[in-house]
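One letter stands for each residue in the lines below.
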Amino acid sequence: MTERVAMTQVEVPDYDLGIRGKLVRTNKTRDTVSVAMCTILYGLSVADEVADTPFSNAANGYPDARLVPDESTRIDLSWRDGVDAVIADLAGADGHPVEMSPRNVLQSLLRRYAELDLQPVLGFEYELWLFSGERRPFGATENAYSLTRSAETSSLATEFINRMESVGITVEMFHSELGPGFFEFTLAPAPALEAADSAVRARQYLRDLCAERGLHASFMAKPFADKSGAGGHVHSSLMRDGANVFSDGARGLSREGKSYLAGLLTGMSDTTALLNPYVNSYKRIDPEMFTPAVAAWGHDDRGQACRVILNDTASARVEHRRPGADASPYLVADAVLAAGLHGLTDRLALPAAGEQVAALPADLRSAAALFEDSAWLVELLGKPFCGSFAATRRAEADRYEQWLRQNITTWELTRHLEHQ
């Protein structure tokens, strides 16, 4: 009998899908000069249209770059015989990850936090849509927290949770939300890089599991105009020497907690393109459905963009409620930690609870412009990343606007065809 070939799923962070990749013989992934990928990776839309970026474009021929695996992320995919997985980044000639990588940007931000003797902890939670054949919502009812709906998804949820447990990812909860085929899962908080890696994998591996069962999992922000949108909220706190320093120990915010939160609020307009990266992302924004349109905070208030939770010192944190489920965990982590660092380093003052700091951009074009014009973001995220990401968002907005110009909508037909 022929011995099975050991294979590795090489997972490469991008801007739109979270991770892309390829299946490679495992022995080749141990040699960092053996595996490469086209730099077009950072210019591909969610539907694989190409946007030229300063890094990869028609003029330079979309060259290859080496892939450098992060061996600390190698895991055995026990449900796929003979296959393991490792996260890798495109690398420059010096062997270091390229500056366009959202994961590399996250690592650079964490080094800045370390200079302040701080370690951010993140906890991601995702709402998502499950569909059976022909995009039929999975399940017969729409009730939130329904035990009947939990029973309907019990086999899927249990298998998902067990698979994630086998690769060191803790799924704390899986339950139904209010909407057709609408569900949510929550990941345990972890150090920021580990949390983002786990989140991007959990999303991908749930999609894979659903595909195995003839289902489709979607993290689209707003597929139904009259229903809630899918959030991708992230909880964050600050640690020093293993202790949470986000609160003052007396159900209030510490000095660092206040500055960090002030940064999230002050920087929210400029980081919106990272939190809401698609045209459809903005159709989810609806204060009546607990999706804020302005930057403000409150104590355990789900109506605010930042919900501060100070029940006890160990779990003190802030929930950022603006990110959609459609945004890559790496982009969200970059946005949150860059804004928080801005608040910490500039010692920004925290406004009163409920006070509006700024109205947030209401469409992708506006968000991309604010992102591109932000001097403090360029300083923290780097010009190569900001230039590359901004080019892809402008292209996304361009495509939608072109589609609107070239197509007659049902709104136009209903309004004009019968009445003019």
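The residue numbering used here restarts from 1 in each chain and proceeds along that chain's sequence as written. Side-chain atom pairs in this predicted model are given and counted only at pLDDT of 80 or more, local residue features only at pLDDT of at least 70, and totals for whole chains, interfaces and linings cover all residues. Note: side-chain values were computed over all heavy atoms of the structure, leaving out hydrogens and water.

As annotated in an unreviewed UniProt entry, the protein chain carries the name Glutamate--ammonia ligase and comes from Mycolicibacterium brisbanense.

(A) Summary view of the overall build of the protein chain. Helix and strand definitions here come from DSSP, where helices need a minimum of 4 consecutive H or I residues and strands a minimum of 2 consecutive E residues; each element is numbered from the N-terminal end. The number of helices and strands found in the protein chain is twelve helices and 19 strands. It is over C-alpha atoms that the radius of gyration is taken, and the globule rule equals 2.2 Å times the number of residues to the power 0.38. For the protein chain, the C-alpha radius of gyration of 22 Å lies close to 22 Å, the compact-globule estimate for 420 residues. Dimensions of the protein chain along its principal axes, counting C-alpha atoms only, are 70 × 65 × 50 Å. Counting across all 420 residues of the protein chain, residues that qualify as buried make up 54%. Taking all contacts inside the protein chain whose residues are at least 6 apart in sequence as the whole, residues at least 24 apart take part in 71%. Categorising residues by exposure relies on relative accessible area from a 1.4 Å probe, with only protein chains included: less than 20% of the type maximum marks a residue as buried, more than 50% marks it as exposed, and the intermediate range marks it as partly exposed. Contacts are assigned to residue pairs that have any heavy atoms within 4.5 Å of one another.

(B) A look at the nonpolar core. Only buried Ala, Val, Leu, Ile, Met, Phe, Trp, Tyr and Cys residues count toward a nonpolar core, and they belong to the same one when joined by side-chain atoms within 4.5 Å. Among the nonpolar cores identified, the biggest contains 112 residues, and F124, F185, Y260, L337, F371, L381 and F385 are the most heavily contacted of them. Note that the domain bounds reflect an automated or database-derived domain assignment. Both of domain 1 (7-98) and domain 2 (107-405) provide at least three residues apiece to this core. Setting aside its immediate chain neighbours within four residues, F385 contacts Y15, E99, M100, P102, V105, L274, L331, D334 and F371.

(C) Representation of the domain arrangement of the protein chain in the model. Its domain assignment divides the protein chain into domain 1 (7-98) and domain 2 (107-405). Between the C-alpha centres of domain 1 and domain 2 the distance comes to 24 Å. If you look at the interface, domain 1 gives 28 residues, while domain 2 gives 26 residues. Summed over both partners, buried area is the accessible surface (1.4 Å probe) that two parts give up on being assembled. Summed over both partners, the interface of domain 1 with domain 2 comes to about 2100 Å²; 56% of that surface belongs to carbon and sulfur atoms. Across the pair E11 and R201 runs a salt bridge, and its minimum N-O distance is 2.8 Å. Throughout this description, a polar contact denotes any pair of N or O atoms lying within 3.5 Å of each other; where both atoms belong to protein, one of them has to be capable of donating a hydrogen while the other can accept it, and for residues adjacent in sequence the pair is counted only when both atoms sit in side chains. Our count for the contact surface shared by domain 1 and domain 2 stands at seven residue pairs in polar contact (both at pLDDT 80 or more). Residues are sorted three ways: Asp, Glu, Lys and Arg are charged, Ala, Val, Leu, Ile, Met, Phe, Trp, Tyr, Cys and Pro are nonpolar, and all the rest, Gly among them, are polar. Residues of the side of domain 1 that touches domain 2, tallied by class, amount to 15 nonpolar, seven polar and six charged. By convention in these notes, a salt bridge is any Lys or Arg side-chain nitrogen within 4 Å of a carboxyl oxygen on Asp or Glu.

(D) Layout of unusual backbone geometry. The residue Y62 is not glycine, and still its phi comes out positive at about 50 degrees. Locating Y62 in the fold gives a position in the loop between β3 (36-38) and β4 (64-69). When its relative accessible area of 23% is taken as the criterion, Y62 is described as partly exposed. Positive phi outside glycine occurs at D241, with the angle close to 55 degrees. By secondary structure assignment, the location of D241 is in the loop between β13 (234-240) and β14 (243-244). Using a relative accessible area of 66% as the deciding quantity, one classes D241 as exposed.

(E) Representation of the pairing of strand β1 (residues 7-13). Most of β1 is tucked away, with seven of its seven residues classed as buried. Paired strands are those between which DSSP finds at least two bridges. Direction of pairing for β1 relative to strand β6 (residues 83-91): parallel, over a ladder of five bridges. Bridged to Q9 within β6 is A85. As paired strands, β1 and strand β2 (residues 19-25) are joined by seven bridges and run antiparallel to one another. Bridged to V12 within β2 is R20. Counting the residues that bridge the hairpin from β1 to β2 gives five residues, and of these G18 lies at a positive phi of roughly 100 degrees.

(F) How the structure looks around the pairing of strand β9 (residues 171-176). As paired strands, β9 and strand β10 (residues 182-187) are joined by five bridges and run antiparallel to one another. Within β10, the position partnered with M173 by the bridge is T186. Taken together, β9 and the strand that follows it, β10, pair antiparallel across an intervening segment of five residues, in which G181 is found at a positive phi of about 65 degrees.

(G) Spotlight on the pattern of salt bridges. Taken as a whole and judged by the stated rule, the model has 24 salt bridges. With a closest N to O distance of 2.8 Å, R307 and E319 form a salt bridge. Taken together, the residues span a long stretch of sequence, with R307 in strand β17 (residues 306-309) and E319 in strand β18 (residues 317-320) at a distance of twelve residues. Taken individually, R307 and E319 each receive the classification buried, so the pair is uniform in this respect. The salt bridge partner of D398 is R365, with a shortest N-O separation of 2.4 Å. In this pair, D398 sits in helix α11 (residues 383-406) while R365 sits in helix α9 (residues 364-373), placing the two residues 33 residues apart along the sequence. For R365, a relative accessible area of 30% translates into the label partly exposed. When salt bridges that share partners are traced, they join R30, E71, R74 and D84 into one network.

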